[in-house]
Amino acid sequence: LPPRHMDSVVRIVEALESTDHDFTGTVPELARALGGCSTPGCRAVLGEPPDVPPAPRTLSREQWLLFTQLLHQDAAAPERGVVLAPDGSTVALGPLLAGIEVGLKRAAGWPFPTVEPPIDALYAVTITEVLGTSFLLARDGAGNRTTLGPDGCWDDVDDPQNYTLLGPPSPIPDAVANGAMDGVLLGAHLAQAPVPLADLLRGYYGTGNGTEKERPPSSYRRQDFGVLTGPGKLEEEVAAMLRVLRVLPPTQELLEDVGPEEVVAIARQAAQDFTEVYVECPAIVPRCMWGARPYRGTPKPLTLPLGSVYIHHTFIPSAPCRTFTACAGDMRAMQRFHQDTRGWDDIGYSFVVGSDGYLYQGRGWHWVGAHTKGYNSKGYGVSYVGDFSATLPDPDAIALVRDRLLPCAVRTGRLHRNYTLRGHRQMGRTDCPGNSLFHEIETWHGFK
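Residues numbered from 1 in each chain as written. Predicted model: local features only at pLDDT ≥ 70, side-chain atom pairs only at ≥ 80, totals over all residues. Heavy atoms only, no water.

A.B. asks: I'm lost on the packing of aromatic side chains in this one. Help?
C.D. replies: Tallied over the entire structure, the rule returns 11 aromatic pairs. Geometrically, the ring pair formed by Phe274 and Tyr278 is tilted, given 4.9 Å between the ring centres and 45° between the ring planes. In this pair, Phe274 and Tyr278 are both assigned in helix H12 (residues 260–280), four residues apart and thus about one turn of the helix distant. A relative accessible area of 0% places Phe274 in the buried class. (Phe/Tyr/Trp six-rings, centres within 6.5 Å; stacked < 30°, edge-to-face > 60°. Helix = DSSP H or I, 4+ residues; strand = E, 2+ residues; numbered from the N terminus. Buried < 20%, exposed > 50% of the residue type's maximum accessible area, 1.4 Å probe, protein only.)

What follows is the structure, encoded as structure tokens:
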């Protein structure tokens, strides 16, 4: 089959949108016919799915098979309907195309069925039904049931075929969260200005020849979703969706003993947790996605929360990396240097900051690094890719650590509330993290 990559999806959409296509309706309606939005809430909003048409002649047998597989929803394995995007994130197609269908229908003035209480159709088909259901199911599990996440890894980023989750699955693995946020953003965009779907997807994900040039809009999804959707809006829509599910025959039983106050409490928790994990905290690319070699020996655990953060720059590579491909290559080069030349067990840093909108996991939250001699067990080492002696990282890359990683580390109990932030040069004989970056971090919260 073609790779499970957004490029493959864009080619399929392009073929389906070509003038000689032989199926009536839109690509999102076809996706729904194949099972892309088959939950009770989705049916209440968009109606019963159309019948599955014969395989369109404009698609090859392999393309049709791939599209069918990606849209066959399996609640037990939501990670199967996902593709890899050029920015290194993984996206579920079901909520993405459902959000797009609502946007197209709004632009065409389509009257959505009236449900009581009224709900925002765009949020209902992308995020609020699955989010409300996830937290509803968890309330009986004495807190052991996973409600959000995890991330996962592809077998091969050049030819992605199999995606494996990195932990116990929830109804909203990271890929479903990404697909839902993208569905909301692109649906809202289409409602204002309808454009051919292949063009929209190519522009948003940066597929095709633009992939290697710069950050695609998809790498801003967390910020953009946060701007469009305040936590109050999300909470309100989850609560409304739960009230709708209470009267739909397939889900009535699930909510029969849930009182109005509990609905509000579940919605508040769901919106708060989703916002913290997917909007306020930054996305971190796991080791398996950038192609890390195994750790040598046995890693030593950190005792959390830690009290310090040490800011570095890589110096070499000296240029900031602006795409997933470039940043992943830089990570592998640094790990080789640290392991083979320096003789360390692994890449030394806890986290590395790309200029592509993403953090990259080095030793991560839980293991002692090799970044600040004499202080490795006392704090996290966070390094910017590039030489920042005379220039600053992009404003986005500065904000990624200052406004998102550090507050997130405090909120999640990995860093003390009154942590100390220092530049590498304060702890040893080095110019790191470069004069420009050092003067910048002197203005940050926690700098001593």
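A.B. asks: Is there a simple way to explain the state of the cysteines in this structure?
C.D. replies: Should the sulfur atoms of two cysteines be covalently bonded, the bond is a disulfide. Across all of its chains, the model carries four disulfides by this definition. Between the sulfur atoms of Cys321 and its disulfide mate Cys327 the distance is 2.1 Å. Taking the sign of the torsion about the S-S bond as the criterion, the disulfide between Cys321 and Cys327, at about 100°, is right-handed. Its relative accessible area of 2% is what places Cys321 among the buried residues. Its relative accessible area of 1% is what places Cys327 among the buried residues. By sequence order of its bonded cysteines, the chain has the disulfide arrangement 1-2, 3-5, 4-8, 6-7. Its sulfur unpaired, Cys432 is 16 Å from the next cysteine sulfur, which belongs to Cys321. (Disulfide = S-S within 2.5 Å.)

A.B. asks: Quick question: what am I supposed to make of H12 here?
C.D. replies: Each turn of an α-helix holds 3.6 residues, which means side chains three or four residues apart point in the same direction. Helix length check: H12 (21 residues) gives 28 Å between terminal C-alpha atoms against 30 Å at 1.5 Å per residue, within 8%. All of the buried residues along H12 are Val263, Ile266, Ala267, Ala270, Ala271, Phe274, Thr275, Tyr278 and Val279. Looking at the packing, one finds that the buried side of H12 touches helix H6 (121–138), helix H7 (174–192), helix H9 (221–228), helix H10 (231–247), helix H11 (252–255) and helix H15 (395–411). (Expected span 1.5 Å × (residues − 1). Contact = heavy atoms within 4.5 Å.)

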